[in-house]
Amino acid sequence: KSDSGIERKLCPSGPVIVLPDVYLDYSVRQRIEDIREEMRRKNYGAFFSNKLDTNMWIMGIRGTDIEYNPYAYSYVLITENDACLFVKPEAVTDSLVMHCTKNSITIKEYASVISVLSEKCSGFKTAASFAELNGYIADCCNNRGVFWADDDCGTGLRQAIKSEAETEAIRDIYIRDSVAVCKFL
């Protein structure tokens, strides 16, 4: 049962994989601090994301929940004092716990997102990209005093910048994929 009191069937999750630092254009701590700086500049009390690719990028992780996509079912909440990653218990690995501890990130239960948002964000503006914001979460939190602002705090642009190692890995993947397609034909 979710924290809203509504019974919802959750899809299964696999383990979260922590990316080696070589694939990060800059550190997870710096990514979180950049978002906080944008929040301060625009007078937001928090930043929330339910966009899986953004969550993976911010946290420097990958998932195994969706076939052929490196995503984990997750939410991210960043306030001035906290950074929270919401994932299912079965997704939590020892390496994820160490990674989150190193980067001052709190791991929260996936299904607790509405109660945590309500507790931490009630009464002030919370930035979230409206195009990706889950309507169910938005409606539940609206009724609990969360005020939304349509803003991704610059994550979309920052996410587009790739490190040299990441660019090389993408290039290698395209080559291997092209070879597989040619063999298939």
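Structure: see above.
Residues numbered from 1 in each chain as written. Predicted model: local features only at pLDDT ≥ 70, side-chain atom pairs only at ≥ 80, totals over all residues. Heavy atoms only, no water.

A. Representation of the layout of surface pockets within the structure. The calculated volume of the largest pocket comes to roughly 360 Å³. With three residues, helix 2 (residues 52-59) is the largest single contributor of residues to the lining of the largest pocket. Tallied by class, the residues present in the lining of the largest pocket amount to five nonpolar, two polar and four charged. Estimated volume of the second largest pocket: approximately 270 Å³. Every residue lining the second largest pocket is listed: Leu19, Tyr23, Arg62, Glu166, Ala169, Ile170, Ile173, Tyr174 and Asp177. Looking at which element gives the most residues to the lining of the second largest pocket, the answer is helix 7 (residues 164-184), with six residues. (1 Å grid on protein atoms, 1.4 Å probe; cavity = no way out; pocket = protein on both sides within 12 Å on 5 of 7 lines; lining within 4 Å. Points joined across faces, edges and corners; volume = space filled by probe spheres on them. Helix = DSSP H or I, 4+ residues; strand = E, 2+ residues; numbered from the N terminus. Nonpolar A, V, L, I, M, F, W, Y, C, P; charged D, E, K, R; others polar.)

B. Geometry of the sheet that holds strand 4 (residues 75-79). Taken together, the six strands give an open sheet; going across it, the order is 6-5-4-2-7-8, and neighbouring strands pair in mixed fashion. Strands at the two margins of the open sheet, each flanked by one partner only, are strand 6 (106-109) and strand 8 (147-150). Across this sheet, the average inter-strand angle for adjacent strands is 25°, counted without regard to direction. Note: strand 7 (residues 125-128) against strand 8, four bridges, orientation parallel. Counterpart to Thr126 in the pairing with strand 8 is Trp148. Contacts from helix 1 (residues 28-42) reach strand 2 (46-49), strand 4, strand 5 (83-87) and strand 7 within the one sheet, and its direction differs from that of strand 4 by about 60°. (Pairing = 2+ DSSP bridges. Axes fitted to C-alpha atoms, helices over the stretch in contact; angles between N-to-C directions. Contact = heavy atoms within 4.5 Å.)

C. Quick look at the packing of helix 4 (residues 113-121) against helix 5 (residues 135-142). Where helix 4 meets helix 5, the closest approach of the two axes is 10 Å, and the angle between their N-to-C directions is 45°. Compared by their axis directions, helix 4 and helix 5 come out oblique. As for the relative orientation of helix 4 and helix 5, their crossing is right-handed in sense. Residues Val113, Ile114, Leu117 and Ser118 of helix 4 form the contact with helix 5, whose participating residues are Tyr136, Ile137, Cys140 and Cys141. (Parallel < 35°, antiparallel > 145°, perpendicular 65-115°, else oblique. Left-handed = near helix turned anticlockwise from the far one by under 90°.)

Shape descriptors only; they carry no functional weight alone.
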